Amino acid sequence: MNPLLSAEQAVLGSVLLDPDQLAHLDWLAPDHFYRPVHQALFAALRKLRSDGHPTVGIPNGPVPLSWVTDAIDEASLHVRGLTAVYAHTLIQACPRPEHAPVYGRMVLEGAIHRTVAQHAIRLHQAARADALRGEVEGALRSADVLTGVLTDLARRWGTEPRPVAPATSPATAPAASPPVRADQVAEDERFLLAVLTEQPRAMDEVVAWLRPGDFADPAHGQLYRCLGALHHRGEPIDRITLLWEAQRRGLLADGTLSGEQLTAICDGMVPGSAEWLGERVMRSSLTRTAAASARAVRALAEDEALGPGRLINHALHALGPLDEVRARWQSANGSPAPKPSTTPLASGPPPARVQAARARSTPHPAPSPPARTRPVPAPASARSPARGHP
């Protein structure tokens, strides 16, 4: 049994049994449902209520069959395959109509997980596309959209959006550079290291915003760390001092680098601008970081054990490395980083309704027998033992 499917069926069944339950589900939208047939039916039920269907508002009276048939007719205008038989399946799938807000909260949880996963996939696709083109604008726009979505979902769920590190890091696939650009990225890094080694004042152009982690090749990052150490201590920089610093840090002994590799980098020196090459390295670092953050967010969204609040806060934390690289990228380009838009995507429900959506079931006195009757009760002998499945 799929818990999310059961929750969607229970919500619709509760409204078919008791139209007044719609008053407690104003915060739930049709697109929060996963199945298109469920989206169309919930939208039809809301439309009947807003149009003043005679069934809505009848106190302690039986639910006429027209409530079900009219909902099916309205929903059938937008989706195929919906029949009265499935409507009765939805009714059977609802244990208690008065629990509709709790069933709706479960549907909203599923929608939050799906929404975060979808936007994480879009960020990953944009980052990969930018890496192939040597750009960053698409990844930055997608990251802004994802941040805005997370902020909006937090408001809808009724929590404060704040980055929180998960107890354990989500399992993600290892990062991989696009094959078309991998050779170009490595070449840019080698040229930059050569320029920094041979030009005395070149480190001043990049040291403020370029970090060892921005290099795709870890060995190149370690060499840049050596150059940074020499620059920080005010010592002269050339191929000999760089080789000596690498030896002092154990990079030659542990196999991270070899003397031949360092010599090849220095011998490949060509005239160039350290700032321009550094920006190319930063551009590659930004798209790689965006792709890695997207994979981490998607892994979190696919963890069904995470509640919406924790999912949103962990996802914001996963975007933190991208924010840090982005800030340095903006510094390299001489412009301040724009603040991500936190404008809600749509007007949300009042806080009281959010609280009602999040409320869990609490013990109540045994209710009196319901006065309403089911529209068309199916004979007991005709009911399938596997209730809740169409």
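Because the structure is a prediction, the values reported are computed rather than measured.

A. Here's a closer look at the overall build of the protein chain. A tally of helices and strands in the protein chain yields 15 helices and zero strands. Counting the 390 residues in the protein chain, one finds 44% classified as buried. Taking the intrachain contacts of the protein chain between residues at least 6 apart in sequence as the baseline, contacts between residues at least 24 apart amount to 76%. A total accessible area of about 19600 Å² is found for the protein chain, and carbon and sulfur atoms account for 56% of it.

B. Highlighting the environment of R239. In this fold, R239 is placed in helix 10 (residues 239-248). In this structure the C-alpha to C-alpha distance between R239 and I265, which are 26 residues apart in sequence, comes to 9.4 Å. Among residues more than four places away in sequence, those in contact with R239 are T197, E198, L262, C266 and D267.

C. Representation of the side chain of T197 within the structure. Along the chain, T197 falls in helix 7 (residues 179-198). For T197, a relative accessible area of 2% corresponds to the buried category. One polar contact links the side chain of T197 to the main-chain carbonyl oxygen of L193, over a distance of 2.7 Å. With near-sequence residues (within four places) excluded, T197 lies in contact with L227, I237, D238, R239, L242 and C266.

D. Structural context of the packing of aromatic side chains. Per the stated rule, a full pass over the model turns up two aromatic pairs. Their ring planes at 35 degrees and their centres at 5.3 Å tell us that F215 and Y224 sit as a pair that is tilted. As far as burial versus exposure is concerned, F215 and Y224 are alike and both buried.

E. Representation of the packing of helix 5 (residues 100-133) against helix 12 (residues 274-301) within the structure. In contact at an axis separation of 8 Å, helix 5 and helix 12 are set at 160 degrees when each is read in the N-to-C sense. Here helix 5 is positioned roughly antiparallel relative to helix 12, judged by the angle of their axes. Between helix 5 and helix 12 lies a crossing whose hand is left-handed. Mapping the contact onto sequence places H113, V116, A117, A120, I121, L123, H124, A127, D130 and A131 in helix 5 and T287, A290, A291, A294, R295, V297, R298, L300 and A301 in helix 12.

F. Representation of helix 12. For helix 12, built from 28 residues, the straight-helix expectation of 40 Å at 1.5 Å per residue is met to within 8% by its first-to-last C-alpha distance of 40 Å. Across the 28 residues that make up helix 12, a large majority, 22, are buried.

G. Molecular detail of the environment of L5. Here L5 is to be found in helix 1 (residues 3-17). Along the backbone, L5 and H38 are 33 residues apart, and their C-alpha atoms lie at a distance of 9.7 Å. Setting aside its immediate chain neighbours within four residues, L5 contacts R35 and H38.

H. Summary view of the nonpolar core. L45, L196 and L210 are the most contacted members of the largest nonpolar core, which totals 99 residues. Not counting chain neighbours up to four residues away, the residues in contact with L45 comprise L12, V15, L16, L22, W67 and A71.

I. Local environment of the pattern of salt bridges. In this structure the tally under the stated criterion is 19 salt bridges. Between D188 and R280 there is a salt bridge; the shortest N-O distance is 3.0 Å. Pair noted here: D188 is in helix 7 and R280 is in helix 12, with a separation of 92 residues, a long-range link. Among the residues examined, D188 registers a relative accessible area of 5% and is labelled buried. Of the charged contacts in the structure, one is a salt bridge between D214 and R328, with a shortest N-O distance of 2.6 Å. A residue pair is termed long-range when its members are at least 10 positions apart, and D214 in the loop between helix 8 (203-206) and helix 9 (218-233) and R328 in helix 14 (residues 320-332) qualify at 114 residues. Each member of the pair, D214 as well as R328, is classed as buried.

J. Structural detail: helix 1. Helix length check: helix 1, at 15 residues, gives a terminal C-alpha distance of 21 Å against a target of 21 Å (1.5 Å per residue), a fit within 8%. The buried fraction of helix 1 amounts to 13 of the 15 residues, a majority that puts the element mostly inside the structure. A distance of 2.9 Å separates the backbone nitrogen of L4 from a side-chain oxygen at the start of helix 1, and that oxygen is part of N2.

K. Highlighting the environment of G278. Position of G278 among the secondary structure elements: in helix 12. Judged by relative accessible area, which is 0%, G278 ranks as buried. Taking C-alpha positions, G278 is 9.9 Å from R211, a pair spaced 67 residues apart along the chain. Not counting residues up to four positions away in its chain, the partners in contact with G278 are L192, V206, W209 and L210.

L. Just the packing of helix 10 against helix 11 (residues 259-267), in detail. Close contact between helix 10 and helix 11 brings their axes to 11 Å; oriented N to C, the two are set at 150 degrees. Here helix 10 is positioned roughly antiparallel relative to helix 11, judged by the angle of their axes. The element helix 10 and its partner helix 11 pack so that their crossing is right-handed. Residue-level contacts link R239, L242, L243 and A246 of helix 10 to L262, C266 and D267 of helix 11. Looking at the contact of helix 10 with helix 11, its residues break down into five nonpolar, no polar and two charged.

M. Focus on the confidence of the model for the protein chain. Per-residue pLDDT for the protein chain has a mean of 83; in total, 80% of the residues score no lower than 70. The low-confidence segment residues 360-364, where pLDDT is below 50, has three contacts with residues more than four positions distant or belonging to other chains. Contacts for the low-pLDDT stretch residues 371-390, under 50 throughout, to residues beyond four places or in other chains number 38 contacts.

Criteria and thresholds
Residues numbered from 1 in each chain as written. Predicted model: local features only at pLDDT ≥ 70, side-chain atom pairs only at ≥ 80, totals over all residues. Heavy atoms only, no water. Helix = DSSP H or I, 4+ residues; strand = E, 2+ residues; numbered from the N terminus. Buried < 20%, exposed > 50% of the residue type's maximum accessible area, 1.4 Å probe, protein only. Contact = heavy atoms within 4.5 Å. Areas by Shrake-Rupley, 256 points an atom, 1.4 Å probe, with all protein chains shown as cover. Polar contact = N/O pair within 3.5 Å; in protein donor to acceptor, adjacent residues only side chain to side chain. Phe/Tyr/Trp six-rings, centres within 6.5 Å; stacked < 30°, edge-to-face > 60°. Axes fitted to C-alpha atoms, helices over the stretch in contact; angles between N-to-C directions. Parallel < 35°, antiparallel > 145°, perpendicular 65-115°, else oblique. Left-handed = near helix turned anticlockwise from the far one by under 90°. Expected span 1.5 Å × (residues − 1). Core = buried A, V, L, I, M, F, W, Y, C linked by side-chain atoms within 4.5 Å. Salt bridge = Lys/Arg side-chain N within 4 Å of Asp/Glu carboxyl O. Nonpolar A, V, L, I, M, F, W, Y, C, P; charged D, E, K, R; others polar. pLDDT = per-residue confidence, 0-100.

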